[in-house]
Amino acid sequence: MASFSLHGIPVSRGIAIGRAHLLTPAALDVKHYLVAQEQVEAEVERLQQAISAVHKELQTIWSELPKDAPAELGAFIDVHALILSDPMISEAPLDIIRTRHYNAEWALVTQIDELSAQFDEIEDPYLRERKADIAQVAERVLKILTGSAQLLPAPDGLDESLALMIVVAHDISPADMLRFRDRSFSGFVTDVGGQNSHTAIVARSLDIPAAVGVSRASSLIAQDDWVIVDGDAGVVIIDPSEIVLEQYRERQAAQLRVRKKLGKLKKTPAVTRDGVAIALLANIELPEDCAAAMDAGASGVGLFRTEFLFMGRGSASKLPSEDEQFEAYRKAVVAMKGRPVTIRTLDIGADKPLDMIEHNALNPALGLRAIRYCLAEPRLFLTQLRAILRASAIGPVKLLIPMLAHAFEIDQTLALIEQAKAQLRDAHKKFDGAIQIGAMIEIPAAALALPMFIKRLDFLSIGTNDLIQYTLAIDRVDHEVAHLYNPLHPAILHLLSMTIKTGERAGTPVSVCGEMAGDIHLTRLLLGMGLREFSMHPAQLLAVKQEILNSDLSQIEPYVRKILRSVEPGMIGDTVAQLQAL
Ligand SMILES: C=C(OP(=O)(O)O)C(=O)O
């Protein structure tokens, strides 16, 4: 196969080299014809041969796995081998050929369709999802039958220890991404998605190179193709030549060296050259992420996205109980060893739907989501509030509320927090009575009416991902408008600067917990606006710290003033670049 490349949106930095693992099988689009009676046994044999060819193929992949490859990769191959040996694949389609005289491809697809319908009926979401594995196995067999399958050998010079799997899919939901965090993949490529979709955010949190919005990747890349993902440029190279491979291996090695160097900064305090201390906190999705936060030297958790505890549970299962939630929050608080943990209440809706809740708004991002949903479902909200409050008895916890825009929403939320406290008192359960309560500033209306928030709350956290989405009126997950997603739009810069300055004047702490906080190209801009608290994924923390250590506020501030006076994108971009080069 000739080498070719595809282009998309770079969302998670780094270089990954490996074999493609297609998540969404290509449509099982095969020829359908009837075979004559005398041809039936030959057709049966054709299918049997294809099945044994796939067995061999799986064995080859097994034998090519590097010794230190994570056990999960081998487990995947085992599952596929087991499926292939199961009579539902190895025998039932043969019966279909014999009884209905279907050609081999049609018989296999018929059997898969029947199995698929049976799997849809299964209550257990884990088992239900095994349907995808069966489809992938069937697709391998079909490729052999149609003559399109050739397992490519490892390109010459490929370091097998780097040859892990690259997930290629039309789209990956944030819930699916959650499942991947326990398995080792070296890269992600999706046909759709935007820079700040939650899928992209989770890829960054996993510290795995990823490109999204790579149009038609899942149909142009075949299972087991050798692929390079350049997460810095958003480029995906399929079947790379030896020279290209060598170049990327060198870049990969250079990145590893940079990482090693950054690793030495873990214990270094984040202080600018002119002596201003900056707090660097971590964004987490699950309590297990605290290990990475501690390892990166985070001074606390600035954003715990609790909705990830509620996602991917399937419609049949229940929402997490108060005790289950408490256990998760407690774990995070214990893991952070006395450093503050900012727990955000449920921010569901839009691209973070819950399986058990119907989300049928016409414009989900503008609908009954986040705090709006919680206020409409006080029992669910009180359960979460009690669990968070109980965790505040274990160590320092702050409560963060998403998507607030109206004074009455803040007041209702505060009233419910008081109600949750009263319920805990009645139940003789401990909590921190002086727990700090803050708001996400992520709706332009909130940024423009800041005194209303400052009067009622203890701290503010700017959610730049949603603030950009709502200010520029673009869906953050829609790759067709991804080019309009611009953190340097003058309107965004003004809202940010205004929020930081207003908070500073009022003595209300302001942090940024959106993706802008972890982007090293924007660190100096935010410092110059007066930001002193950044929260980001642990994987980004040391690089941001290095920027801070190399920055001098007195040098930066005049450039930032110039940026804030500019309305021309060219001028803003140039000045941000000059800031970087200081
Ligand atoms: C941090 C944010 O929240 P999320 O990305 O979880 O919506 C944000 O909007 O910037």
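Read on for an overview of the structure. (Residues numbered from 1 in each chain as written. Predicted model: local features only at pLDDT ≥ 70, side-chain atom pairs only at ≥ 80, totals over all residues. Heavy atoms only, no water.)

So, unusual backbone geometry
At D239, a residue that is not glycine, the phi angle is positive and equals roughly 50°. With respect to the helices and strands, the residue D239 is situated in the loop between β8 (235-238) and α11 (242-263). Taking the relative accessible area as the measure of exposure, D239 reaches 16% and is therefore buried. If you check the backbone angles, A473 has positive phi at about 55° while not being a glycine. Position of A473 among the secondary structure elements: in the loop between α20 (464-472) and α21 (490-506). (Helix = DSSP H or I, 4+ residues; strand = E, 2+ residues; numbered from the N terminus. Buried < 20%, exposed > 50% of the residue type's maximum accessible area, 1.4 Å probe, protein only.)

Thoughts on the site of the ligand
Taken together, 16 residues lie near the ligand, and R305, R344, G463, N465 and R476 sit nearest. Within the side chain of R305, an N or O atom sits 2.6 Å from an oxygen atom of the ligand. Within the contact set of the ligand, an oxygen atom lies 3.4 Å away from a backbone nitrogen or oxygen of G463. Relative to its unbound accessible area of 290 Å², the ligand is 100% covered by the protein chains. Elements with a contribution of two residues or more to the shell around the ligand: α9 (198-206), β10 (301-305) and α20. Per element, the largest residue contribution to the shell around the ligand is three residues, and it comes from α20. Of the residues belonging to the shell around the ligand, the class tally is four nonpolar, five polar and seven charged. (Near = heavy atom within 4 Å. Polar contact = N/O pair within 3.5 Å; in protein donor to acceptor, adjacent residues only side chain to side chain. Areas by Shrake-Rupley, 256 points an atom, 1.4 Å probe, with all protein chains shown as cover. Nonpolar A, V, L, I, M, F, W, Y, C, P; charged D, E, K, R; others polar.)

Considering the packing of aromatic side chains
Following the criterion strictly, the structure yields two aromatic pairs and no others. Taking 3.7 Å as the distance between ring centres and 0° as the angle between the ring planes, the aromatic pair formed by Y102 and W106 counts as stacked. K398 extends its terminal NZ or CZ atom over the ring of F459, reaching a point 5.2 Å from the ring centre. (Phe/Tyr/Trp six-rings, centres within 6.5 Å; stacked < 30°, edge-to-face > 60°. Lys NZ or Arg CZ within 6 Å of the ring centre and 35° of its normal.)

Topic: the pairing of β8
Residues V235 and I237 line one face of β8 and the alternating positions V236 and I238 line the opposite face, and both faces are buried. Relative to β8, strand β1 (residues 4-7) runs antiparallel, the two sharing four bridges. Bridging from a neighbouring strand, L6 pairs with V236 of β8. Where strand β7 (residues 226-230) meets β8, four bridges bridge the pair, whose relative direction is antiparallel. Its bridge partner lying in β8, D230 is registered against V235. In textbook terms, the turn of a hairpin is the stretch between consecutive antiparallel strands, and for β7 and β8 this stretch comprises four residues, one of which, G234, has a positive phi near 75°. (Pairing = 2+ DSSP bridges.)

So, the side chain of S535
Within the secondary structure, S535 is located in strand β16 (residues 533-536). Its relative accessible area of 1% is what places S535 among the buried residues. Of note is the side chain of S535, whose polar atom sits 3.4 Å from the backbone oxygen of A282. With residues up to four places along the chain from it excluded, the contact list for S535 reads L281, A282, N283, G302, L303, V512, C513, G514 and A517. (Contact = heavy atoms within 4.5 Å.)

Regarding the side chain of Q540
Mapped onto the fold, Q540 is located in helix α23 (residues 538-549). Residues in contact with Q540, not counting those within four places in the same chain, are R204, E515 and G518.

Quick word on the sheet that holds strand β5 (residues 187-190)
Spatial strand order, β1-β8-β7-β3-β4-β5-β6-β2: eight strands in an open sheet with mixed pairing. Two strands bound the open sheet, and with one partner strand each, they are β1 and β2 (9-12). Strand-to-strand twist across the sheet, computed as the mean angle between neighbouring axes with direction ignored, equals 30°. Across five bridges, strand β3 (residues 15-22) lies against strand β4 (residues 164-169) in parallel orientation. In the sheet register, A20 faces β4, and the bridge partner there is I166. Each of β3, β7 and β8 touches α11; the most contacted strand, β3, lies at about 115° to it. (Axes fitted to C-alpha atoms, helices over the stretch in contact; angles between N-to-C directions.)

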